[in-house]
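Each chain, letter by letter, is given below.
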Amino acid sequence: MKKEVTIEITKPINQLNLYGYNTYFDLFTKLFDQVKVPNVILLSGAKGLGKSTFVYHFINYIFTQNENEKYDLVQQKISQNNRSYNLVNKGIHPNFFSLTTNPEKKEIKVDETRALLNFLNKSTYSLESKYVLIDSADKLNLNSSNSMLKILEEPPKN
């Protein structure tokens, strides 16, 4: 009789350690430090490679610049105690919006992109830039894709 083994997979938003992205992370942090981060960055690849985890770590690096519990660049680790990690994790960070789909949904609808537009049109907290993660952009339907293109063509300030 074989014993059944269950494996718990941690969601990207909860991954405190980043593995295998050293070169890219160094590049992105240098771009940020030199104020040269482009308005849009597209990461592509097979699902499950850690792209979302990478983004959450980069966002944490950015948001914790002026916090006591900063992102640990040496170990590439997020501190559970930092304010930004907890706000992003709870979905209430004033300068971060995540547009994701759950596995049961087949597409991202235009109402969801309108919510993103509404978020982007509000003023920023502490005059800092806003950041958006669109996970599975391939799930945007035709109307939501057009709405997204309009946002990208004329992005709001910050």
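Given the structure is predicted, the values throughout are model-derived calculations rather than measurements. (Residues numbered from 1 in each chain as written. Predicted model: local features only at pLDDT ≥ 70, side-chain atom pairs only at ≥ 80, totals over all residues. Heavy atoms only, no water.)

1. Section: the pattern of salt bridges
Rules: Definition used for salt bridges: Asp or Glu carboxyl oxygen within 4 Å of a side-chain nitrogen of Lys or Arg. Helical segments are the DSSP runs of H or I of at least four residues, strand segments are the runs of E of at least two, and each set is numbered from the N terminus. Burial classification: accessible surface area is computed with a 1.4 Å probe over protein chains only, and a residue below 20% of its type maximum counts as buried, one above 50% as exposed, and the rest as partly exposed.
Summed over the entire model, instances satisfying the criterion amount to one salt bridge. Residue Asp111 is joined to Arg114 by a salt bridge in which the shortest nitrogen-to-oxygen separation is 3.4 Å. Pair noted here: Asp111 and Arg114 are both in helix 4 (residues 110-121), with a separation of three residues, about one helical turn. The burial state of Asp111 is the same as that of Arg114; both residues are exposed.

2. Comments concerning the side chain of Ser84
Stated formally: The contact definition used throughout considers only heavy atoms, calling two residues in contact when any of these lie within 4.5 Å.
Residue placement: Ser84 occurs in helix 3 (residues 83-90). Not counting the four nearest positions on each side in its chain, Ser84 is found in contact with Asn60, Phe63, Thr64, Glu67 and His93.

3. What about empty space enclosed by the protein?
We count it as follows: With a 1 Å grid laid over protein atoms only, a set of points is called a cavity when a 1.4 Å probe fits there but cannot get out and a pocket when it is open yet has protein on both sides within 12 Å along at least five of seven lines; lining residues have an atom within 4 Å of a point. Grid points are joined across faces, edges and corners, and a volume is the space filled by probe spheres set on the points. All residues other than Ala, Val, Leu, Ile, Met, Phe, Trp, Tyr, Cys, Pro, Asp, Glu, Lys and Arg, Gly among them, are scored as polar; the first ten of these are nonpolar and the last four charged.
If you walk through the whole model with that rule in mind, you get one cavity of 30 Å³ or more. In this structure, the largest cavity occupies an estimated 70 Å³ of space. Lining the largest cavity are Ile13, Tyr56, Ile59, Asn60, Ile78, Ser84, Tyr85, Val88 and Asn89. Those elements that place two or more of their residues in the lining of the largest cavity are helix 2 (51-63) and helix 3. Tallied by class, residues from the lining of the largest cavity come to six nonpolar, three polar and no charged.

4. Focus on the packing of helix 1 (residues 22-33) against helix 2
Heads up, the rule is: Helix axes are fitted only over the stretch in contact, all axes being lines through C-alpha atoms; the angle between N-to-C directions runs from 0 to 180 degrees. By definition, turning the near helix anticlockwise from the far helix through less than a right angle yields a left-handed crossing, and turning it clockwise yields a right-handed one.
At their nearest, the axes of helix 1 and helix 2 sit 11 Å apart, and the two run at 35 degrees to each other. Here the hand of the crossing between helix 1 and helix 2 comes out right-handed. Counting all contacts with helix 1, which are made through Tyr24, Phe25, Phe28, Thr29, Phe32 and Asp33, the residues of helix 2 involved are Phe54, His57, Phe58, Tyr61 and Ile62. Class assignment of the residues belonging to the contact of helix 1 with helix 2 gives a composition of eight nonpolar, two polar and one charged.

5. Section: the side chain of Ser52
Operational definition: The term polar contact refers here to a pair of N or O atoms within 3.5 Å; inside protein, the definition further demands a hydrogen-donor-capable atom paired with an acceptor-capable atom, and it admits residues adjacent in sequence only when both atoms are side-chain atoms.
Counting through the fold element by element, Ser52 comes out in helix 2. Within polar-contact distance, the side chain of Ser52 engages the side chain of Asp135 at 3.2 Å. Those residues in contact with Ser52 that sit more than four places away from it in its chain are Pro12 and Asp135.

6. Brief notes about the environment of Phe54
Within the element layout of this structure, Phe54 appears in helix 2. Separated by 47 residues in sequence, Phe54 and Ile7 have C-alpha atoms that sit 22 Å apart. Those residues within four positions of Phe54 in sequence are excluded, and the remaining contacts are Leu18, Tyr21, Tyr24, Phe25, Phe28 and Leu43.

7. Side note on the nonpolar core
The nonpolar side chains of a soluble globular protein tend to be buried, and buried together. How we decide: For this analysis, a nonpolar core means a set of buried residues of the types Ala, Val, Leu, Ile, Met, Phe, Trp, Tyr and Cys, connected via side-chain atoms within 4.5 Å.
Counting residues in hydrophobic clusters, the biggest one holds 20 residues, and the most contacted among them are Phe25, Phe54, Phe63 and Phe96. For this core, the secondary structure elements donating two or more residues are helix 1, helix 2, helix 3 and strand 2 (131-134). Take this core: its biggest share by element is eight residues, from helix 2. For Phe96, the residues in contact, after removing those within four places along its chain, are Tyr56, Ile59, Phe63, Val88, Phe119, Tyr131 and Leu133. Phe97, Leu116, Phe119 and Ile151 belong to the second largest nonpolar core, which has nine residues in total.

8. Re helix 5 (residues 142-153)
Note the cut-off: Helix span is expected to be 1.5 Å times the residue number reduced by one. When we speak of the arc, we mean the arc of directions from the helix axis to the C-beta atoms.
With twelve residues, helix 5 extends 16 Å between its outermost C-alpha atoms, agreeing within 8% with the 16 Å of an ideal straight helix rising 1.5 Å per residue. By the burial criterion, the buried members of helix 5 are Ser144, Ser147, Met148 and Ile151. One face of helix 5 carries all of its buried residues, which in axial projection span an arc of 100 degrees. Structural note: helix 5 exposes Leu142, Lys150 and Glu153 on the side pointing more than 90 degrees away from its buried face.

Everything listed here is a matter of geometry and, on its own, says nothing about what the molecule does.
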